[in-house]
Amino acid sequence: MSAGQPLRVAVLVSGRGSNLQALIDARDAGTLPIELVLVASDKVAAQGLRRAEAAGIATLALAPRSYPTRAAFDRELFARIAAHAPDLIVLAGFMRILDGAVLAPWQGRIINIHPSLLPKYPGLHTHERALAAGDAEHGSSVHFVTAELDGGPLIAQARIAIESGDTPDALAQRLLPHEHRLLVACIDLIARRRLALREGRVMLDGQALPHPLQLAAGATRLA
Ligand code: GAR
């Protein structure tokens with residue numbers, strides 16, 4: 001990628017695609033210097049694909065059951081993504097575990113948004129687990145993707161208070177707008193060439209981050 005050019009971004013979705021929509025809206029508002037080169041999904045019926053079509057973005061739907069193995073699906077998916085030459089791949093509600101060998105060449109160029117304050121609650125049912133643990137706060141994390149599920153270097157987090165009477169659905173719904181701002185803010189730093197992964201460390205303006213950036217309540221920028 002070269003400085004000054006919009007960052008070429010491919011987005012992977014499995015469902016609703018509201019995070020994708022946040023990226024489309026920020027791009028359209030002229031506040032996020034990216035080009036959305038592809039939206040890909042493992043679900044032909046994903047609403048995220050319809051959002052991409054409506055925004056005039058190239059789409060790709062591949063059905064995992066058409067491939068003999070998980071790794072074969074991942075290899076095909078990533079070969080098809082690579083053909084669009086993205087600078088960055090964004091997992092935005094992509095609900096599959098990816099093959100480590102397929103991910104390896106993309107280290108530092110693939111990020112994920114996960115609905116918990118990682119390292120708490122990797123995997124599924126994060127809202128239920130935060131409530132069951134009696135946590136006072138919950139949140140969302142954006143991290144670089146490695147072969148370890150939800151385990152790669154953290155970029156930034158958004159936090160919300162858990163309120164008495166919260167249900168998993170209520171918590172998820174209240175968190176969602178924070179997720180949208182968090183994802184846009186992280187990609188903004190990458191697109192402006194201020195944030196990158198170097199030798200396993202997240203670097204911001206040339207300095208290793210001592211801990212994940214925190215998105216202040218209501219803020220749209222991290223730094
Ligand atoms: C978001 O809450 C995101 O954090 C979560 O899926 C939702 C996608 O919503 N991701 C994961 O759980 C990944 N393990 P969206 O489809 O409306 O963007």
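Figured I'd write up the structure that's included with this text.

Conventions adopted
Residues numbered from 1 in each chain as written. Predicted model: local features only at pLDDT ≥ 70, side-chain atom pairs only at ≥ 80, totals over all residues. Heavy atoms only, no water. Helix = DSSP H or I, 4+ residues; strand = E, 2+ residues; numbered from the N terminus. Buried < 20%, exposed > 50% of the residue type's maximum accessible area, 1.4 Å probe, protein only. Contact = heavy atoms within 4.5 Å. Pairing = 2+ DSSP bridges. Axes fitted to C-alpha atoms, helices over the stretch in contact; angles between N-to-C directions.

A few words on the environment of alanine 55. Mapped onto the elements of the fold, alanine 55 is located in the loop between helix 2 (47–54) and strand 3 (59–61). Since its relative accessible area comes to 26%, alanine 55 is described here as partly exposed. In sequence terms alanine 55 and isoleucine 113 are 58 residues apart; their C-alpha atoms lie 22 Å from each other.

Let's shift gears to helix 1 (residues 18–28). Buried within helix 1 are the following residues: Ser18, Asn19, Leu20, Ala22, Leu23, Ile24 and Ala26. Each element contacted by the buried residues of helix 1 is listed here: strand 1 (7–13), strand 2 (34–41), helix 2, strand 5 (110–114) and helix 6 (168–191). Positive phi appears at glycine 30, one or two residues downstream of helix 1, with a value of about 80°.

Read from one edge to the other, the open sheet built from 8 strands follows the order 3-2-1-4-5-6-7-11, with strand pairing classed as mixed. The two strands at the open ends of the sheet, each matched to only one other strand, are strand 3 and strand 11 (213–215). Pairwise comparison of adjacent strand axes, ignoring direction, gives a mean angle of 20° for this sheet. Sheet topology places strand 1 next to strand 4 (residues 88–91); 4 bridges connect them, and they run parallel. The partner of valine 9 across the bridge, within strand 4, is leucine 88. On top of the sheet, helix 3 (residues 70–82) reaches strand 1, strand 2, strand 3, strand 4 and strand 5; it is set at about 150° to strand 1, its chief contact.

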